[in-house]
Amino acid sequence: MSAHEHWQMDASAPELYERYLVPAITSVWANDLLDRISLSREESVLDIACGTGVVARLAQQRGHAGRLVGIDLNVGMLAVARAKSTAVEWIEGSALDLPFDANSFDVVLCQLGLQFFPDRPMALREIVRVLKPRGRAGLSVYSAIERTPAAHAFVQALDKYLGEEASRTKRSEHLSCDEQEVSAWARQAGFDVVDVAAVTKQITFPSVLDYVRFQLTATPMAALLTDKGAPQRERLIVSIADDATSRLDPSMLAGGKLTFPQQSFVVLASFH
């Protein structure tokens, strides 16, 4: 199998995200979040920064029959979500100004989105505002990048080959704080009961090369290579993958695949 045949990259970035990242990573965290929040069948649920909608779609597949709403700023992601499910309300909008009345939802979820919001306290206050008085929230957010070895190796390789600022986007996916600080954000927003757990999942990709190719083709980091011709892009992807491989524990490379631990903070918050 050639380097190009592991992943067929002939689609838009949102479609590639859904095709590859959702099965490998986001569905893992979506199922974890839904397990922890324990939805009742008829509850109204809002999924903030829903992307292609994996959280809401999995809730639906689990038999949830109440109102399901997904909101995101990215119209490309929402287009994929709409194509995947017509049972969920998909809305274009901002987490900092949710287009809903106060006391609208029993549950608000936000999977791997909080780290991207330019004003996290405002986003959390908006969650509190739209929740019903006895509502609850479930959020997950990547912890320090050093807790996810593949991502850490990748950003070091990026900086080596593309300059010290190259890894800024990838590093922004991860928080540098601890559980106590995340808990404090939720309490300051108005939640009375907050539980923050550091959770680790095992993530598997077909290879390090596939992992790097995805990052540099189907995410915003593709912008790093837009000024390169196709042969140079391919050489850089291979070089970055080789460098990242050299930084990983051999146990993560068994069988030619890439298997690594990924840590997130998972927050459950509610009111007395």
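**Student:** What is the right way to read the overall build of the chain from this model?
**Tutor:** On a plain count of helices and strands, the chain comes out with nine helices and seven strands. Taking 272 residues into account, the globule formula puts the C-alpha radius of gyration at 19 Å, and the chain, at 19 Å, falls close to it. Expressed as lengths along the three principal axes of its C-alpha atoms, the size of the chain is roughly 55 × 40 × 35 Å. Pairs at least 24 apart in sequence give 75% of the contacts found in the chain among residues at least 6 apart. Total accessible area on the chain stands at roughly 12100 Å², and carbon and sulfur atoms take up 49% of it.

**Student:** Where do I start with helix α5 (residues 149–162) in this structure?
**Tutor:** Quick reminder: α-helices carry 3.6 residues per turn. Residues three or four places apart thus point the same way. A rise of 1.5 Å per residue sets the reference length of α5, with its 14 residues, at 20 Å; its end C-alpha atoms lie 20 Å apart and thus fit the reference within 8%. Buried within α5 we find Pro149, Ala150, Ala151, Ala153, Phe154, Val155, Ala157, Leu158 and Asp159. Considering only its buried residues, α5 is in contact with α6 (168–171), α8 (208–215), α9 (230–246) and β7 (258–270). Positive phi shows up at Gly163, right after α5, with a value of about 105 degrees.

**Student:** Explain the pattern of salt bridges to me, please; I cannot follow it from the model alone.
**Tutor:** When their charged atoms lie close together, side chains carrying opposite charge are able to pair. Evaluation of the coordinates by the stated rule reveals 16 salt bridges. In this structure, the salt-bridge partner of Glu89 is Arg67, at a minimum N-O distance of 2.9 Å. You can see Glu89 sitting in strand β3 (residues 89–92) and its partner Arg67 sitting in the loop between α2 (54–61) and β2 (68–72), a full 22 residues away along the chain. Of the residues examined, Arg67 reaches a relative accessible area of 35% and is grouped as partly exposed.

Procedures and definitions
Residues numbered from 1 in each chain as written. Predicted model: local features only at pLDDT ≥ 70, side-chain atom pairs only at ≥ 80, totals over all residues. Heavy atoms only, no water. Helix = DSSP H or I, 4+ residues; strand = E, 2+ residues; numbered from the N terminus. Rg over C-alpha atoms; globule rule 2.2 N^0.38 Å. Contact = heavy atoms within 4.5 Å. Areas by Shrake-Rupley, 256 points an atom, 1.4 Å probe, with all protein chains shown as cover. Expected span 1.5 Å × (residues − 1). Buried < 20%, exposed > 50% of the residue type's maximum accessible area, 1.4 Å probe, protein only. Salt bridge = Lys/Arg side-chain N within 4 Å of Asp/Glu carboxyl O.

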